[in-house]
Amino acid sequence: VSEGFDPRTERVRLATAGARSGTQAVLSGQSPREVLKSRLFQGFLYLALSFALIGLAALLIDAFVEGQGRLSLNLITNANSNDPAEAGFRTAIIGSLYLILFVILMVVPVGIGASIYLEEYANKERWWNRIIEVNIQNLAAVPSIVYGILGLAFIIRGPLDLGFMLFAGSLTLTLLVLPTVIIASREAIRAVPPSIREGSLALGATQWQTIRRQVLPAAIPGIVTGIILAISRAIGEAAPLLLLGAATFVTFDPQPFNADTGWTALPVQIYQLAVRPQEEIREVAAAGIIVMLVVLLLMNSFAIWLRNRYEQKW
Amino acid sequence: VEARDIGVSSPVGLARRLEAPSRRWGEKAIFAALALCAALSVITTTAIVISLIGPALGFFGEVSPGDFFLKSEWAPAQELFGVLPLVVGTLNVVLWGLLVAVPVGLGAAIYLSEYAHPRVRKVVKPVLEVLAGIPTVAIGFFGVSLVTPLLQDIWPGEFLGGPPGFFNAGAAALCIGLMIVPIISSISEDAMRAVPGGLREGAYAMGATKRRVATRVVFPAALSGIVASIVLAFSRAVGETMIVLLVAGNTPNLTLNPVEPIQAMTAFIGVTATGDIATGTIEYDTVFAVGLLLFAITLVANLISIRLVRKYREVYE
């Protein structure tokens, strides 16, 4: 059934609905019990949905009510401080921006490259390609703190031995969101109909020319949407960063490639403030949550807008 | 364009060559680069396994696996390494969370797939996606600042041993439940919408009511996808760190009682590995032993869920 309001399909829908209710009334001989059960079931469905929606609303309202007293420009221009009236998120926000900048630089080429390989080149009968596929699906659901362990053992110490620098956090977050980007990009690439490729190949374009000039331009809105969603996940992720040295109390701007100066990120500082018992400090944490949620909400709305605006129906 | 350029005049006259005029090294290099990007995912998994197993082996060199899995006291400072309290602590939060999230998520999925008007669906679905995108540290803060006090206020007297304390598993379970509702609802809804309309119409033609079609036809037909969503939600809940760290506390406690404070596996890792712990110590190695156990549990759950999703895709798509 189409979702648009074509009057013809609407008529068909009405006719079907009428026929259905007629049939039901004539054939099922609905007992009062059945009617009651249907009502109860529908009541349960509304209850379930409203639980989720009310939970979300309560979360947003709670953060706003607790933090609105601290909403001011100082909140983003001041560095962290022991005095809750002065404490702000400047260093944490700059830290998060650096983290995300490097994540984007790394995850975009690698994520799109991997999804092009899997959709356009890989022979799905081959066992190694099937392993890559299942492997990516599993990586998408590996707990984020396990990525933190990976970063600690492999990037900060071990083979890469970068030390507790911000860039090590970026590398870890890149690996964390890579599966999300790959899965979304693959769906976007898959949605481009084969006839587009066949037409291009038939005109003598090579496979890469076909991908670059035909497939990628058509798939780019879906790919960008996936990347934005992955980035917004990276912005809110705190658990792996706890293991990567982001937990220190920092009052000066971070240097991404210096392993000795210390750095922090927005969700990590929020966590550190939220565990403190003092009411005034928790207020700062709530204000930080508002800042983070506003950024994420803007990004998500942009992603949804992008998807609706450029979504192509073939 | 000269005829030569399009390959008409070959030495044999009209016989045209259909192969590429060059070896196309560029194309091959691009293929290699793309394959390398895809291979990075396998390298990541290998690196995860290696980085977990090395120190975990060191740990099991000092603590016998029997003690680790069967003893019921966890206090690394006193050299007590029975992991059961951490596992049960995680299960405490996860099981109560699923108890909330499964009916809510499935109810929302059935509503969106079978009952909702397209216009309602168009609004509600993105809202659930927003819920899925809320950082867990924000949900954890919500737990501490609203859910726990609320539970303490409405707790019925001495039920299960009295109102929950500042740290408790019940509030964490509610928050985890809120976090995994969108996972269950979106995957289950996908599975239900993949059920062909003919099945529904057949049931309607036999005089079934809407409720019966939803519960007796669509639900069983989409069952593999529904179970997949629940298993994936389980895996996400087990691996969640910030909520349990903020709301459930850090007291190893072998109990499924939701009013008690507990320590989950992830919370132990998050608390212990914060800051600069020295490599090679037994304390450092416990993080990896618990991490390996966590990775193994989620791996099994993920593989089951991947398999089930593939099953419903094969049947209906």
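Let me begin by describing the structure that accompanies this report. (Residues numbered from 1 in each chain as written. Chains lettered and ligands numbered in written order. Predicted model: local features only at pLDDT ≥ 70, side-chain atom pairs only at ≥ 80, totals over all residues. Heavy atoms only, no water.)

## With respect to the overall build of chain B
Next up, step 1: The number of helices and strands found in chain B is 12 helices and two strands.
Next up, step 2: Ordered by position in the sequence, the α and β elements of chain B form the string α-α-β-β-α-α-α-α-α-α-α-α-α-α.
Next up, step 3: Taking 20 Å as the expected radius of gyration for a compact globule of 317 residues, we find that chain B reaches 27 Å, considerably beyond that expectation.
Next up, step 4: Projected onto its principal axes, the C-alpha positions of chain B cover 95 × 65 × 35 Å.
Next up, step 5: Split into buried and exposed, the 317 residues of chain B put 52% on the buried side.
Next up, step 6: As displayed, chain B has an accessible area near 14100 Å², and 65% of this comes from carbon and sulfur atoms.
Next up, step 7: Taking the 22 positively charged and 22 negatively charged side chains of chain B as two groups, their mean positions are separated by 18 Å. (Helix = DSSP H or I, 4+ residues; strand = E, 2+ residues; numbered from the N terminus. Rg over C-alpha atoms; globule rule 2.2 N^0.38 Å. Buried < 20%, exposed > 50% of the residue type's maximum accessible area, 1.4 Å probe, protein only. Areas by Shrake-Rupley, 256 points an atom, 1.4 Å probe, with all protein chains shown as cover. Lys, Arg positive; Asp, Glu negative; His and termini not counted. Charge placed at Lys NZ, Arg CZ, Asp CG, Glu CD.)

## Brief notes about the packing of aromatic side chains
For any pair of aromatic rings, the description consists of the separation of the ring centres together with the inter-plane angle of the planes.
Next up, step 1: Enumeration according to the criterion identifies 23 aromatic pairs over all chains in this entry.
Next up, step 2: Ring geometry for A:Tyr117 and B:Phe31: centres 5.8 Å apart, planes at 50°, overall tilted. With A:Tyr117 in helix H4 (residues 90-121) and B:Phe31 in helix H1 (residues 25-62), this pair bridges two chains.
Next up, step 3: According to the relative accessible area criterion, A:Tyr117 is buried, its value standing at 6%.
Next up, step 4: Among the residues examined, B:Phe31 registers a relative accessible area of 35% and is labelled partly exposed. (Phe/Tyr/Trp six-rings, centres within 6.5 Å; stacked < 30°, edge-to-face > 60°.)

## Topic: the packing of H1(B) against helix H12 (residues 282-316) of chain B
Residue and element names in this part refer to chain B.
Next up, step 1: Remark: H1 packs on H12, axes separated minimally by 8 Å, with the N-to-C direction vectors making an angle of 120°. The pairing of H1 with H12 is recorded here as oblique in orientation. Two packed elements cross with a definite hand, and for H1 against H12 that hand is left-handed. Contacts between H1 and H12 pair Ile48, Val49, Ser51, Leu52, Ile53, Pro55, Ala56, Gly58, Phe59 and Glu62 from the former with Ile282, Asp285, Thr286, Phe288, Ala289, Gly291, Leu292 and Phe295 from the latter.
Next up, step 2: The residue makeup of the contact of H1 with H12, split by class, is 12 nonpolar, four polar and two charged. (Axes fitted to C-alpha atoms, helices over the stretch in contact; angles between N-to-C directions. Parallel < 35°, antiparallel > 145°, perpendicular 65-115°, else oblique. Left-handed = near helix turned anticlockwise from the far one by under 90°. Contact = heavy atoms within 4.5 Å. Nonpolar A, V, L, I, M, F, W, Y, C, P; charged D, E, K, R; others polar.)

## So, unusual backbone geometry
Across the chain, the bulk of peptide bonds are trans and the bulk of non-glycine residues have phi less than zero.
Next up, step 1: Although it is not a glycine, A:Asp161 sits at a positive phi angle of roughly 50°.
Next up, step 2: Here A:Asp161 is to be found in the loop between helix H6 (144-156) and helix H7 (166-190).
Next up, step 3: One non-glycine residue, B:Leu160, lies in positive phi territory at about 60°.
Next up, step 4: By relative accessible area, B:Leu160 is classed as partly exposed at 37%.

## Observations regarding helix H7 (residues 197-205) of chain B
Residue and element names in this part refer to chain B.
Next up, step 1: Listing the buried residues of H7 in full gives Arg200, Ala203 and Tyr204. Looking straight down H7, one finds its buried side chains confined to an arc of 100°; they lie on one side. In H7, the exposed residues that point more than 90 degrees away from the buried face are Glu201 and Ala205.
Next up, step 2: Positive phi shows up at Gly207, right after H7, with a value of about 95°. (Arc of directions from axis to C-beta.)

## Regarding the interface of chain A and chain B
Next up, step 1: Facing 83 residues of chain A, the contacting portion of chain B comprises 90 residues.
Next up, step 2: When the two sides are added together, the surface that chain A and chain B hide from each other amounts to roughly 7500 Å², 75% of it contributed by carbon and sulfur.
Next up, step 3: The salt bridge partner of A:Glu34 is B:Arg211, with a shortest N-O separation of 3.3 Å.
Next up, step 4: Inspection of the chain A/chain B interface yields 10 residue pairs in polar contact (both at pLDDT 80 or more).
Next up, step 5: Here the side of chain A that touches chain B gets 20 residues from one element, more than from any other, and that element is helix H2 (residues 32-67) of chain A.
Next up, step 6: Across the side of chain A that touches chain B, the residue classes break down as 59 nonpolar, 15 polar and nine charged. (Buried area = accessible area lost by both parts, 1.4 Å probe. Salt bridge = Lys/Arg side-chain N within 4 Å of Asp/Glu carboxyl O. Polar contact = N/O pair within 3.5 Å; in protein donor to acceptor, adjacent residues only side chain to side chain.)

## Considering H6(A)
Next up, step 1: Most of H6(A) is tucked away, with 12 of its 13 residues classed as buried.
Next up, step 2: Residues A:Ser144, A:Ile145, A:Val146, A:Tyr147, A:Gly148, A:Ile149, A:Leu150, A:Gly151, A:Leu152, A:Ala153, A:Ile155 and A:Ile156 constitute the buried set of H6(A).
Next up, step 3: The secondary structure elements touched by the buried residues of H6(A) are helix H5 (127-139), H7 and helix H10 (239-243) of chain A together with H1, helix H11 (265-272) and H12 of chain B.
Next up, step 4: Just beyond H6(A), the residue with positive phi is A:Gly158, at close to 60°.

## A word on empty space enclosed by the protein
Residue and element names in this part refer to chain A.
Next up, step 1: Counted under the stated rule, the structure contains five cavities of 30 Å³ or more.
Next up, step 2: What the largest cavity holds in volume is close to 50 Å³.
Next up, step 3: Lining the largest cavity are Asn80, Ser81, Asn82, Pro84, Ala87, Phe249, Leu273, Arg276, Ile281 and Val284.
Next up, step 4: Broken down by class, the residue content of the lining of the largest cavity amounts to six nonpolar, three polar and one charged. (1 Å grid on protein atoms, 1.4 Å probe; cavity = no way out; pocket = protein on both sides within 12 Å on 5 of 7 lines; lining within 4 Å. Points joined across faces, edges and corners; volume = space filled by probe spheres on them.)

## A closer look at the pattern of salt bridges
Residues and elements named next belong to chain A.
Next up, step 1: What the rule picks out here adds up to 13 salt bridges over all chains.
Next up, step 2: We note a salt bridge from Glu119 to Arg186, for which the minimum N-O separation is 2.9 Å. Here Glu119, found in helix H4, pairs with Arg186, found in helix H7; they are 67 residues apart in sequence, far enough to count as distant. By the burial criterion, Glu119 is buried, and Arg186 matches it.
Next up, step 3: Measuring nitrogen to oxygen at the nearest pair gives 3.5 Å for the salt bridge that ties Glu133 to Arg186. Of the two residues, Glu133 sits in helix H5 while Arg186 sits in helix H7, which places them 53 residues apart along the sequence.
Next up, step 4: A relative accessible area of 7% places Arg186 in the buried class.
Next up, step 5: Taken together, the salt bridges that share partners define one network made up of Glu119, Glu133, Arg186 and Arg190.

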